[in-house]
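Here's the letter readout for the chains.
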Amino acid sequence: MIQSADFGGRSTKTAFRHGRQTVLFSISLACLNPAAADNADQVLDLPLAELVNVEITSASRFKQKISEAPSAVEVLTAKDITSFNWRTLADALNAIRGLYIRNDRDYSYAGARGFMRPGDYNSRLLIMVDGRRMNDAAYDSGFIGEEFMLDMNLIERIEYLPGSGSSVYGGNALLGVVNVITKQGKDFNGGKLTAEGGSMDTFRVRGTYGKKFDNDVDILLNASQYASNGNSQLYFPQFSATHNGFAQNMDHEQSSRVFTQLNYHNLAFHGGFVDRFKQDPTASFGAIFNDSYNYVDDRSAYMDLDYHTDVAKGLALETRGFHHWYNYYGVTPQAIDASRVVNYDAANARWWGGELKLTGTQFKSHQWISGVELQYDDLQQLLNYNIKPYQLLNNSYQSGTRIGVYLQDEYRLADNLLLNAGARLDQNHMINGLQLNPRVGLIWDPISTLTTKLLYGSAFRAPNLYERSTNSLGFAANANNKQELITSYEAVAEFRPGDGIKLLGTLFYNDMEKVLLQDLTPTSATYGAFINAGKYYAHGFELGSEKKWHNDRLLKLTWTHTITQQVAPGINGWAQGSPNNLVKAHYAEPFLDNRFQLGFEELFIDQQLTLANQIAPAYHLMNINFALTKPWHGFQGALGIYNVLDQHYLALGSAQQVQDTLAMDGRTARLRVEYNF
């Protein structure tokens, strides 16, 4: 199962070359706009205030300035989503420093700071909506594509915390935390109808209504339907003996979403549902190639009730209860003994729980938070059988409790010096013993324009049901696998010289051990089982610069350089799926009194080592968006052109696929028209 590789520093020159092109590209854009220089003297302090005083909630579970958070947080706002017209959460995450997205035509996957295991399902990244965990209870998957809970129009901002986060959120926060904050009804103050169409017979319709009434009731309703035929003809040379290697009309995808939110005084209710269907043109899991009856369907739903109040001066209480559902099924036609046998694979999960949280400021120079979080996995089931002739291959199910207790304190040692420290103790029924994960952050402002941070933390991820039980392919269970662990160290410097400019630099080191890898060596005694055989070391740096103008013009550049080594039986070298360099440029230019906006996005992803130890070349992605941002007779709209350079770059295939790499789609376009009433 395990592949060896050379050390990954080989791509540095290539990255510098491409990175330099990206910088020149961005500078050229700025030069094309002479108003940028002419307006320099008109720059106000407001953009700088926006950069420094942005309040986030994810880092410590209470509101704090981004400059005082114990993390190198990055925030994307609704304005950014409008400027660059990101279609899914995966598109938005791909724009974030240190993250990169891979798609295998089944699902989208996020890698962070040089770590991605091709074929995992984002179980090492915690995905949240309004601070609520969205990773399912069967695979611990964190969905980011069309199977994500929210439409992009509902997102107020996205907060990304790189590094370990278990001291605050418990399991799965191994590589970072993504918290998606939703808008409220008052942000819409009326209704909105949306129609969207684009390449590959892609359509989306959506209706949204939001309003805050005089009696303090704030309501938000949203429903949408999406469908895309996808690429009508995909060529896979690995299947040249079948249909000449062409998958015909096998890329269809559709989704349906409903989301509602109700706020009244201190009470808040959230509920959502998403159903996503996707054909699999890659014939993964041994499917018959070009058989249209090969697809997956994921359904998720949740409801959450939250109440918060001040119980005393300087002491706030928040309680909440939740219930989640997740159902997956996949249909895979297989050739067995010269017969076509249709296999049905399913996962079902139900979980509910609650949280009690206290936040206090009654002690001088302290802001603390403490709470207990309970999740009862009422049902975790994996089911697999052949439909005809019927043959049951797997029916694993179980239940159990996850509970965590945490305490965090922000202690202001001096006006310019903060100590943020805390820990969380977790019990998870998937593993034996308790997990204690601390975090310490020292935040110092040596001068008013410079913030420095020293950060330390650890995190864990328990095996999920698929990794622990006999899985859907009939591979043997491994009841002895243990939790994955990570220890993170990071230094951050943030310089704000004025004029809406922010410069950022980070140094980081991640030490991952006991990483679960599936043994795919047929002669092995543990063939098919997940074993704690992986060890990864990642170190690197990030550089970022950002400038905001008072008229909403934006220029942002980031560069992440990472060296990730993988150590496992038979391996000691450059980690698979780990680009050494990520360079990203974003430029937004408003014009005609901010009625229109032009957004440019340029992403460079360095070469990666595939599962077969081949090199997947580096690639560029350039996207352009033209938007009508202020309503005209009630109408707004946007035209996005994606992959402008029409690059059919190669994404890494998964272990479940025959293809080592997969060619991605070229240039596409998407037109969106909205009517406000």
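Residue numbering note: each chain is counted from 1, following its sequence as written. Side-chain atom pairs in this predicted model are given and counted only at pLDDT of 80 or more, local residue features only at pLDDT of at least 70, and totals for whole chains, interfaces and linings cover all residues. Here the side-chain values reflect all heavy atoms present in the structure, with hydrogen atoms and water set aside.

- Per an unreviewed UniProt entry, the protein goes by TonB-dependent receptor and derives from Methylomonas paludis.
- UniProt positions are given in the numbering used here, feature names are shortened, and annotations may be inferred rather than shown by experiment. The Sequence similarities (unreviewed entry) comment attached to the protein in UniProt states, word for word, "Belongs to the TonB-dependent receptor family. Hemoglobin/haptoglobin binding protein subfamily."
- Note on the protein: under the UniProt heading Subcellular location (unreviewed entry), the record states "Cell outer membrane".

1. A few points about the sheet that holds strand β9 (residues 176-182)
Then, in step 1: Ordered in space as β3-β8-β9-β6-β7, the five strands form an open sheet in which the pairing is mixed. One side of each edge strand has no neighbouring strand; the edge strands of this open sheet are β3 (74-77) and β7 (132-133).
Then, in step 2: Bridge count for strand β6 (residues 126-129) against β7 is two bridges, and the pairing is antiparallel. Residue pairing for β7: V129 is matched across the bridge by R132. Pairing between strands is defined by DSSP: at least two bridges between them are needed. For helices the rule is a DSSP run of H or I covering at least 4 residues; for strands it is a run of E covering at least 2, with both sets numbered from the N terminus onward.

2. Some remarks on the nonpolar core
When a protein is soluble and globular, its nonpolar side chains tend to lie buried together.
Then, in step 1: Among the nonpolar cores identified, the biggest contains 49 residues, and L93, L150 and I158 are the most heavily contacted of them.
Then, in step 2: Per element, the largest residue contribution to this core is four residues, and it comes from helix α5 (residues 89-94).
Then, in step 3: Note on contacts: a residue pair qualifies if any of its non-hydrogen atoms lie within 4.5 Å across the two residues. Once you skip the residues sitting within four places of it in the chain, L150 turns out to touch V129, I155, V180, T182, R257 and F259.
Then, in step 4: Side-chain atoms within 4.5 Å link the members of a nonpolar core, which is a set of buried Ala, Val, Leu, Ile, Met, Phe, Trp, Tyr and Cys residues. Working definition: with a 1.4 Å probe on protein chains only, accessible area under 20% of the residue-type maximum means buried, over 50% means exposed, and in between means partly exposed. Formed by 37 residues, the second largest nonpolar core is a distinct cluster that contains Y100, A347, L621 and M664.

3. Some details on the layout of surface pockets
Then, in step 1: Points on a 1 Å grid over protein atoms alone make up a cavity when a 1.4 Å probe fits among them but cannot get out, and a pocket when they form an open set with protein on both sides within 12 Å along at least five of seven lines; lining residues each have an atom within 4 Å of a point. Grid points are joined across faces, edges and corners, and a volume is the space filled by probe spheres set on the points. Put simply, the second largest pocket is a space of about 1300 Å³.
Then, in step 2: Considering the residues around the second largest pocket, the lining is formed by 40 residues, among which T57, K63, R132, H308 and E318 are closest to the centre.
Then, in step 3: Secondary-structure elements contributing two or more residues to the lining of the second largest pocket are β8 (155-162), β9, β15 (253-264), β16 (267-279), β17 (295-312), β18 (315-336) and β19 (339-360).

4. Quick word on the environment of T451
Then, in step 1: Assignment of secondary structure puts T451 in strand β24 (residues 450-461).
Then, in step 2: Judged by its relative accessible area of 1%, T451 is buried.
Then, in step 3: Once the C-alpha coordinates of T451 and T560 are considered, the two residues, 109 residues apart in sequence, prove to be 20 Å apart.
Then, in step 4: Ignoring any residue separated from it by four or fewer positions in sequence, one finds T451 in contact with S67, I443, W444, D445, V492, A493, E494 and R496.
Then, in step 5: By the criterion applied in these results, polar contacts are pairs of N or O atoms within 3.5 Å in which, for protein atoms, one can donate a hydrogen and the other can accept it, and in which residues neighboring in sequence qualify only through two side-chain atoms. Only 2.8 Å separates the side chain of T451 from the side chain of D445, close enough to count as a polar contact.

5. Re unusual backbone geometry
As a rule of thumb, non-glycine residues mostly have phi less than zero, and peptide bonds are mostly trans rather than cis.
Then, in step 1: In the segment running from K388 into P389, the intervening peptide bond is cis, with an omega of 0°.
Then, in step 2: Along the chain, the position of P389 falls in the loop between β20 (366-386) and β21 (391-414).
Then, in step 3: Within the chain, R61 stands out as a residue other than glycine whose phi angle is a positive 70°.
Then, in step 4: Here R61 is to be found in the loop between β1 (55-56) and β2 (64-65).
Then, in step 5: We note that R113 has phi near 45°; this positive angle belongs to a residue other than glycine.
Then, in step 6: Mapped onto the elements of the fold, R113 is located in the loop between β5 (108-112) and β6.
Then, in step 7: Residue R113 is classed as buried on the basis of its relative accessible area, which comes to 5%.

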